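# Coordinates in review
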Amino acid sequence: MNQFFESAAVALQLIAGGDPALAAIVGRSLLVSSLACLVACTAGLALGAWLAVARFEGRGAVLTVLNTSLALPSVVVGLVFYLLLSRSGPLGFLGWLFSVKAMVLAQAALVLPVCMALTRQVVEDAERSHGEQLRSLGAGSFLRALLFAWDERFALLTVLLACFGRAISEVGAVMIVGGNIDGFTRVMTTSIALETSKGDLPLALALGIVLLAVVLLLNAAIALLARWRGAANDRTVMAAA
């Protein structure tokens with residue numbers, strides 16, 4: 001118990017003192033996760049919204065694959081990208097293995113199905129409520145997807161925050177494709193695993209505290225967005241009445 005409190009005290013000192021190594025790891029984590037979310041959510045929002053309104057043969061199979069990919073183990077994704085980006089792999093000519101680019105790709109692959117599935121659900125709920133009216137006006141799948149995505153933009157902001165939370169807390173894939181190289185590809189989650197195994201508990205605990213703080217802020221933002229959206233809907237209903 002004494003070791004825990006001593007480690008916690010040193011960890012708080014590292015955070016309060018702005019330890020350079022700690023700050024570099026945190027900054028790299030935020031950069032990798034932000035870029036991964038930018039790539040994945042750009043495609044995920046569009047594909048998810050289209051999938052919500054489109055009707056085609058084999059759609060059920062596509063949804064089954066999409067829902068299954070939500071539980072895809074991160075180490076499997078890391079292994080696949082490792083094989084693709086290795087020198088003998090089809091993308092080995094890029095030279096991205098053990099780099100930030102490889103980490104961004106791996107995290108984007110994990111975030112993409114989450115973004116698509118959540119976006120599809122949000123837009124499909126709106127389609128059930130108002131889709132028939134838009135179809136009667138001649139709106140095609142693309143236009144309906146665009147209109148419903150814009151109408152549900154505040155709900156989709158929650159989707160973006162959830163995707164960032166998924167990315168920032170990932171460890172398996174970035175460990176495999178990034179190599180956890182000090183000063184280059186070491187992020188919060190991989191550093192926590194490494195420093196714990198080395199016995200450097202204060203640094204591991206400091207990174208854990210920062211990671212928990214990021215997740216807490218994300219959840220708080222999601223809750224505030226939901227409350228604000230509910231209040232805005234209530235005002236709209238009262239104004240219409």
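In short, a report on the structure.

Rules used in this analysis
Residues numbered from 1 in each chain as written. Predicted model: local features only at pLDDT ≥ 70, side-chain atom pairs only at ≥ 80, totals over all residues. Heavy atoms only, no water. Helix = DSSP H or I, 4+ residues; strand = E, 2+ residues; numbered from the N terminus. Buried < 20%, exposed > 50% of the residue type's maximum accessible area, 1.4 Å probe, protein only. Contact = heavy atoms within 4.5 Å. Lys, Arg positive; Asp, Glu negative; His and termini not counted. Charge placed at Lys NZ, Arg CZ, Asp CG, Glu CD. Arc of directions from axis to C-beta. Salt bridge = Lys/Arg side-chain N within 4 Å of Asp/Glu carboxyl O. Core = buried A, V, L, I, M, F, W, Y, C linked by side-chain atoms within 4.5 Å.

### Structural notes on the overall build of the protein
When its secondary structure is counted, the protein shows ten helices and zero strands. The helix and strand sequence of the protein, counted from the amino end, reads α-α-α-α-α-α-α-α-α-α. Overall size of the protein, expressed as C-alpha extent along the three principal axes, is 65 × 50 × 25 Å. Residues counted as buried form 40% of the 241 residues belonging to the protein. Of the contacts formed within the protein by residues at least 6 apart in sequence, a portion of 72% connects residues at least 24 apart. Considering the protein, the positive charge centre built from 16 side chains and the negative charge centre built from 14 side chains are found 5 Å apart.

### Description of the environment of G89
Tracing the chain through its elements places G89 in the loop between α4 (74–85) and α5 (100–136). Once you skip the residues sitting within four places of it in the chain, G89 turns out to touch L83 and L84.

### Let's talk about helix α6 (residues 141–151)
Think of an α-helix as 3.6 residues a turn; residues three or four steps apart then line up on the same face. Within α6, burial applies to R144, A145, F148 and A149. One face of α6 carries all of its buried residues, which in axial projection span an arc of 130 degrees. Looking at α6, the residues exposed on the side facing more than 90 degrees away from the buried face are F142, L146 and W150.

### Points about helix α9 (residues 188–198)
For α9, the full list of buried residues reads M188, T189, T190, S191 and E195. In the segment just after α9, G199 is the residue with positive phi, at about 90 degrees.

### Overview of the pattern of salt bridges
For the structure shown, the criterion picks out seven salt bridges. One salt bridge in this structure joins E124 and R59, with 2.7 Å as the shortest N-O distance. Placement of the pair is E124 in helix α5 and R59 in helix α3 (residues 59–69), with a sequence separation of 65 residues. By relative accessible area, E124 is classed as buried at 9%. Measuring nitrogen to oxygen at the nearest pair gives 2.8 Å for the salt bridge that ties E124 to R120. Of this pair, E124 and R120 both sit in helix α5, four residues apart, which is roughly one turn of that helix. Salt bridges sharing common partners tie together R59, R120, E124, D125 and R128.

### Concerning unusual backbone geometry
With a phi close to 60 degrees, F98 is a non-glycine residue in the positive phi region. Along the polypeptide, F98 turns up in the loop between α4 and α5. For N180, which is not glycine, the phi torsion reads 55 degrees and is therefore positive. With respect to the secondary-structure elements, N180 resides in the loop between α8 (172–178) and α9. With relative accessibility at 9%, the residue N180 sits in the buried group.

### Concerning the nonpolar core
Ranked by size, the top nonpolar core spans 52 residues in total, and within it C163, M188 and L207 carry the most contacts. Where this core is concerned, the elements lending two or more residues are α2 (20–53), α4, α5, α6, α7 (153–168), α8 and α10 (201–240). With 13 residues, the top contributor of residues to this core is α5. Sequence-distant contacts of C163, defined by excluding residues within four places in its chain, comprise C37, C41, V111, V114 and C115. Ranked by size, the runner-up nonpolar core spans five residues in total, among them L51, L63, L66 and A117.

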